[in-house]
Amino acid sequence: MSESDWTPAEVAELYDSSCRMATMFNDGYEHLGYWYDDKDDASVEEAGKRLTRKVVDILGLRRGEHLLDAGCGVGAPATQIAREVGARVTGITISPAECEAAEKRAAKAGLFHRVRFQVRDYHELPYDEGHFDAVMAMEALSHSVDLAKALSEFYRVLKPGGRLAITETTMVHPDAQLPPFFRSRRPMTADGWLEVVRGLGFVVEEWTQCGHRVYGMGNRYVARTEALREELVAEFGAEFVDAVKQGQKDMFAPGPEHMGYVILCARKPAS
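Read on for an overview of the structure. Throughout, a residue's number is its position along its own chain's written sequence, starting from 1. Local features in this predicted model are restricted to residues of pLDDT 70 or higher, and side-chain atom pairs are both shown and tallied only at a pLDDT of 80 or more, whereas totals for entire chains, interfaces and linings draw on every residue. By convention in this description, side-chain values take in all heavy atoms of the structure and omit both hydrogens and water.

1. Comments concerning the pattern of salt bridges
Should their charged atoms come close, side chains of opposite charge can pair. A pair is scored as a salt bridge if a Lys or Arg side-chain nitrogen falls within 4 Å of a carboxyl oxygen belonging to Asp or Glu. Tallying each qualifying case throughout the model produces 15 salt bridges. Residue lysine 149 is joined to glutamate 124 by a salt bridge in which the shortest nitrogen-to-oxygen separation is 2.5 Å. Taken as a pair, lysine 149 in helix α5 (residues 147–157) and glutamate 124 in the loop between β3 (115–119) and β4 (132–138) lie far apart in primary sequence, 25 residues in all. Per-residue accessibility, obtained with a 1.4 Å probe over protein chains only, is compared with the maximum for each type, and a residue is labelled buried under 20%, exposed over 50%, and partly exposed between these values. Lysine 149 gets classed as partly exposed once you look at its relative accessible area, which sits at 36%. Close ionic contact of arginine 267 with glutamate 205 constitutes a salt bridge, the shortest N to O distance being 2.8 Å. Here arginine 267 is found in strand β7 (residues 259–267), whereas its partner glutamate 205 is found in strand β6 (residues 203–209), with 62 residues between them in sequence. Classification of arginine 267 as partly exposed rests on a relative accessible area of 29%. Since its relative accessible area comes to 45%, glutamate 205 is described here as partly exposed. Secondary structure elements follow DSSP: runs of H or I no shorter than four residues count as helices, runs of E no shorter than two count as strands, and numbering proceeds from the N terminus.

What follows is the structure, given as structure tokens:
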């Protein structure tokens, strides 16, 4: 039975429709960015690259290893990792539009020998047991209709000793009153994530709560939308851009006192 009131097809529709916006807004980094403090003047795109590098670091990803990027979006993190680390990356998305955009990105970067993209549902992975050295899911599991099933699939396709990295927005207090996230699960606490991951057989090796440096920087996205307003209005219309800006304000309204951001690394036992 589904844990949600939405379907994977509806999530695919959501990302099909937002694909062009994601590419224009921050060059395809659909996850949040990482800033050191309010004086850090990194762009939204560079902050997205930083968070990707933090995931690579926590995974200990090495050249030649095979990574599954579950919820790869339009392929920006996957191509970055292939280029900077030399890992092989298989990116999966439930959105056909995102997959097409990701393939074009990899081709333009000359990385088709290291990166491939497929339209797949992470609840039902087509890969053999022990296929990957590592799996990453950056803000992708918030859309899961069955979290235990998705994580069990990650466990299955990992080699013994393989690593899993998850990044997600979290609640600081479990009883916090929060606005609903569109077609997304209610955020869990960091402790909630640790409990779920451990309960499915993973060994948690490292995690960090960095809400102030990630979720707490919501004003950067509002400012980016305003800076791009002319281009965005020309492409999508003023009503759409106004709705995006208001949505950003609503999303970040609780502030880092109530909402955090976890980066978690766990390992499948070697035996």
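Now that the structure is up, let's keep going.
2. Details of the nonpolar core
Among buried residues, those of type Ala, Val, Leu, Ile, Met, Phe, Trp, Tyr and Cys that are joined through side-chain atoms within 4.5 Å constitute a nonpolar core. In terms of nonpolar packing, the biggest core is built from 49 residues, with Leu59, Leu61, Leu67, Ile81, Val115, Phe117 and Met136 touching the most fellow members. Here the element with the most residues in this core is helix α2 (residues 44–59); it accounts for 7 residues. Should any heavy atoms of two residues lie within 4.5 Å, those residues are considered in contact. Beyond its immediate stretch of four places on either side in the chain, methionine 136 contacts Val55, Leu59, Leu67, Leu68, Asp69, Ala70, Pro77, Ile81 and Ala165.

3. Focus on the packing of aromatic side chains
Classification of ring pairs rests on two measures: the distance between centres of Phe, Tyr or Trp rings, Trp counted by its six-membered ring, which must be within 6.5 Å, and the angle between planes, read as stacked under 30 degrees, edge-to-face over 60 and tilted in between. In this structure the tally under the stated criterion is 8 aromatic pairs. Measuring from centroid to centroid gives 5.7 Å for tyrosine 34 and tyrosine 36, while their planes differ by 80°, and the two rings are edge-to-face. A relative accessible area of 7% places tyrosine 34 in the buried class. Taking the centre distance of 5.8 Å and the plane angle of 85° together, the rings of tryptophan 35 and tyrosine 221 count as edge-to-face. Residue tryptophan 35 is found in the loop between α1 (8–26) and α2, and its partner tyrosine 221 is found in helix α7 (residues 219–227); the two are separated by 186 residues along the sequence.

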